[in-house]
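Remarks on the overall topology
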Amino acid sequence: REANIDLVFQHSAWYGARFQIPTLAWIADFQHRYLPHLFGKRQYWKRDIGYHALVRSATRILVSSEDAALDCKRFYPAVGDRVAVMPFAPKLIPAKDAAALEEVRTRYALPEKFFYLPNQFWKHKNHATVIDALQLLKARNKALVVVASGNLQDNRHPNYPQSVLNKVTAYGLAENFHFLGLIPRADISSVMQLSKAVLNPSLFEGWSTTVEEAKSLAVPLLLSDLRVHREQAPQMAKYFDPFSATAMADAMQCAWEEWQPGPRPEAENEAAKRTTQQRAEFAQRFKAIARETATKKQ
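Below you will find a few notes about this structure. (Residues numbered from 1 in each chain as written. Predicted model: local features only at pLDDT ≥ 70, side-chain atom pairs only at ≥ 80, totals over all residues. Heavy atoms only, no water.)

1. A closer look at the pairing of strand S3 (residues 60–63)
- Of the two faces of S3, both are covered, the one formed by Arg 60 and Leu 62 as well as the one formed by Ile 61 and Val 63.
- With three bridges connecting them, strand S2 (residues 23–26) and S3 associate as parallel partners. By the bridge assignment for S3, Leu 24 is matched with Arg 60.
- As paired elements, S3 and strand S4 (residues 83–85) share three bridges and run parallel to each other. (Buried < 20%, exposed > 50% of the residue type's maximum accessible area, 1.4 Å probe, protein only. Helix = DSSP H or I, 4+ residues; strand = E, 2+ residues; numbered from the N terminus. Pairing = 2+ DSSP bridges.)

2. Notes on the sheet that holds S2
- With parallel pairing, the four strands of this open sheet are ordered in space as S1-S2-S3-S4. Every other strand in the sheet has two partners, leaving strand S1 (8–10) and S4 as the edge strands with one partner each. Ignoring which end each strand starts from, the neighbouring axes of this sheet average 25 degrees apart.
- Contacting S1, S2, S3 and S4, helix H11 (residues 265–294) crosses the sheet at an angle of about 165 degrees to S3. (Axes fitted to C-alpha atoms, helices over the stretch in contact; angles between N-to-C directions. Contact = heavy atoms within 4.5 Å.)

3. Brief notes about helix H7 (residues 185–194)
- Extensive coverage of H7 is indicated by the burial of eight of its 10 residues.
- All of the buried residues along H7 are Asp 187, Ile 188, Ser 189, Ser 190, Val 191, Met 192, Gln 193 and Leu 194.
- Next to the buried residues of H7 lie helix H4 (98–107), strand S5 (115–117), strand S8 (197–200), helix H8 (209–216) and H11.

4. What to know about the pattern of salt bridges
- Across all of its chains, the model carries 17 salt bridges by this definition.
- Ionic pairing is found between Asp 132 and Lys 167, a salt bridge with its closest N-O pair at 2.9 Å. With Asp 132 in helix H5 (residues 127–139) and Lys 167 in helix H6 (residues 160–170), this residue pair connects regions lying 35 residues apart in the sequence.
- Here Arg 140 makes a salt bridge to Asp 250, at a shortest N to O gap of 2.8 Å. In this pair, Arg 140 sits in the loop between H5 and strand S6 (146–148) while Asp 250 sits in helix H10 (residues 245–258), placing the two residues 110 residues apart along the sequence.
- Through salt bridges that share partners, Asp 67, Asp 71 and Arg 227 make up one connected network. (Salt bridge = Lys/Arg side-chain N within 4 Å of Asp/Glu carboxyl O.)

5. What to know about the packing of H5 against H10
- In the contact formed by H5 and H10, the axes pass within 8 Å of each other and the chain directions differ by 65 degrees. When the axes of H5 and H10 are compared, the crossing they make is right-handed. Within the contact between the two elements, H5 uses Thr 129, Val 130, Asp 132, Ala 133, Leu 134, Leu 136 and Leu 137 and H10 uses Ala 245, Thr 246, Met 248, Ala 249, Met 252 and Gln 253. (Left-handed = near helix turned anticlockwise from the far one by under 90°.)

Here it is, written out as structure tokens:
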């Protein structure tokens with residue numbers, strides 16, 4: 001009040017039911033409700049009770065998709081009509097020219113053709129099924145390559161990341177699955193540009209950063225068939241059942257045969273224009289939600 005603050009934006013913090021300044025509380029997703037087996041009992045209830053508290057105390061709840069808004073109303077009906085939807089826009093990353101891309105290709109020893117999987121090695125990101133799909137493709141004499149990067153840590157399942165790499169070795173897929181480790185953000189976009197497609201096999205997403213960044217660079221997408229992935233509506237995408245290695249392998253094989261590797265200069269220029277417009281709309285949308293929330297009585 002002394003600082004003349006009109007609105008408090010909150011994520012993990014909870015200010016209590018008697019907080020006198022209007023609050024806009026962001027909830028990323030409702031993964032624990034769909035994949036409870038990936039959470040410990042304590043983790044599950046800590047998250048769920050926290051969401052109940054936010055829904056009852058916040059002036060307004062902010063989510064990133066219409067899919068999440070439906071979930072919020074379904075799982076926490078006390079929210080009523082206080083849910084606002086605001087899909088975030090990605091940071092605009094300028095596309096690299098051919099010379100810069102070739103430097104990245106050489107530095108990481110990237111093959112001419114590959115799919116790119118840039119997700120963290122968390123269990124719900126579903127790397128294990130990708131390895132199973134690659135094994136099926138190898139049995140079909142299809143030498144597809146997946147290049148992956150990310151953090152080899154999963155706090156909820158600490159043994160999972162190494163188990164994925166062990167599976168690669170056990171299946172003899174060293175030539176088909178290349179793990180780059182953690183790489184700079186600028187290089188992530190370059191690897192995206194060079195790829196045939198970006199692969200996101202996740203079992204659950206709130207609003208996928210991977211999808212948004214690939215769209216901003218006009219990169220085709222291979223996506224798990226989630227409602228939120230459909231809502232993000234990339235122009236060039238193939239969908240598959242993320243629980244089926246066969247369905248994933250079929251989609252990968254089809255994309256491998258149909259799509260060409262990047263870069264895609266003309267499409268990248270158009271995508272950059274769309275992303276710039278999307279970011280402007282994102283800013284205006286957030287401003288409107290914030291103003292409306294700030295004027296509501298707490």
